[in-house]
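Structure at a glance
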Amino acid sequence: MDERIRDAIADEGWLFVAILTLALTSLAGLAGLGALAGVITIVGWFVLTPILLFWGDEVALMLGDDEPTGATRTGDPDAEADPLEELKRRYAAGEIDDAEFERRLERLVAVDEIPDDAIGTGTADAATETEPLEHARDRERERERER
């Protein structure tokens, strides 16, 4: 979404909803649809206007997401983070040349060939911090058994 539209929603969205609510309420009243006019008034002035008045920035951020990618259209969360697809897209768009594409493709293939168990799940600091804790728990269990 364009930055100007996002700013307009954040700053003046509540005013737009309030004016639109007045117009729709008047049209529904003139058409003899009193119940509909009441619903429009309640939703517009008492629900949407306060939401946009106080939380317009957050609403604009939620509405301001860029166009959906292939991942969000298909519902596959891993497709968005797939580096191979991103590399193909950049090559097709002409952002990178043949040599750069081949170099990056070789690096991606090399990374994919690394077994999952070869990659550690934590840092070295985390392992040394949890090790004494495990020993303390073991000693406590041994004391419990002795009693």
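Conventions and cut-offs
- Along each chain, residues carry numbers from 1 onward, in the same order as the chain's sequence is written.
- Two thresholds apply to this predicted model, a pLDDT of at least 70 for residue-level local features and 80 or more for giving and counting side-chain atom pairs, whereas whole-chain, interface and lining totals are computed over all residues.
- Hydrogens and water molecules were not included; the side-chain quantities draw on all heavy atoms of the structure.
- The way it works is that DSSP assigns letters per residue, a run of H or I at least four long becomes a helix, a run of E at least two long becomes a strand, and they are numbered from the N terminus.
- Burial classification: accessible surface area is computed with a 1.4 Å probe over protein chains only, and a residue below 20% of its type maximum counts as buried, one above 50% as exposed, and the rest as partly exposed.
- Per-residue and other accessible areas were derived by the Shrake-Rupley procedure at a 1.4 Å probe size, with only the shown protein chains allowed to occlude residues.
- UniProt positions are given in the numbering used here, feature names are shortened, and annotations may be inferred rather than shown by experiment.
- Classification of ring pairs uses Phe, Tyr and Trp, with its six-membered ring standing for Trp, and accepts pairs whose centres are within 6.5 Å; under 30 degrees between planes counts as stacked, over 60 as edge-to-face, and the remaining range as tilted.
- A pairing counts as a salt bridge when a side-chain nitrogen of Lys or Arg comes within 4 Å of a carboxyl oxygen of Asp or Glu.

Looking at an unreviewed UniProt entry, one finds the chain named SHOCT domain-containing protein and attributed to Haloterrigena gelatinilytica.

1. Quick look at the overall build of the chain
Secondary structure assignment for the chain yields 7 helices and 0 strands. For the chain, the α and β elements follow one another from N to C terminus as α-α-α-α-α-α-α. Counting every position in the chain, which comprises 147 residues, the buried fraction comes to 16%. Entry remark: accessible area of the chain is about 11800 Å², with carbon and sulfur atoms responsible for 59%.

2. Description of the UniProt feature "domain: SHOCT" (unreviewed entry) in the chain
Mapped onto the present numbering, the UniProt feature "domain: SHOCT" (unreviewed entry) falls at residues 82–108. For residues 82–108, the helix share is 78%, the strand share is 0%, and the end-to-end C-alpha distance is 10 Å.

3. A word on the packing of aromatic side chains
Following the criterion strictly, the structure yields 2 aromatic pairs and no others. Measuring from centroid to centroid gives 6.2 Å for F54 and W55, while their planes differ by 65°, and the two rings are edge-to-face. Its relative accessible area of 48% is what places W55 among the partly exposed residues.

4. Some thoughts on the pattern of salt bridges
Side chains that differ in sign of charge can pair as their charged atoms come close. Within the structure shown, the criterion is met by 6 salt bridges. A salt bridge links E95 to R90; its shortest N-O distance comes to 2.9 Å. Taking the relative accessible area as the measure of exposure, R90 reaches 24% and is therefore partly exposed. A salt bridge links E100 to R104, with the nearest nitrogen and oxygen atoms 2.5 Å apart. Of this pair, E100 and R104 both sit in helix α6 (residues 98–112), 4 residues apart, which is roughly one turn of that helix.

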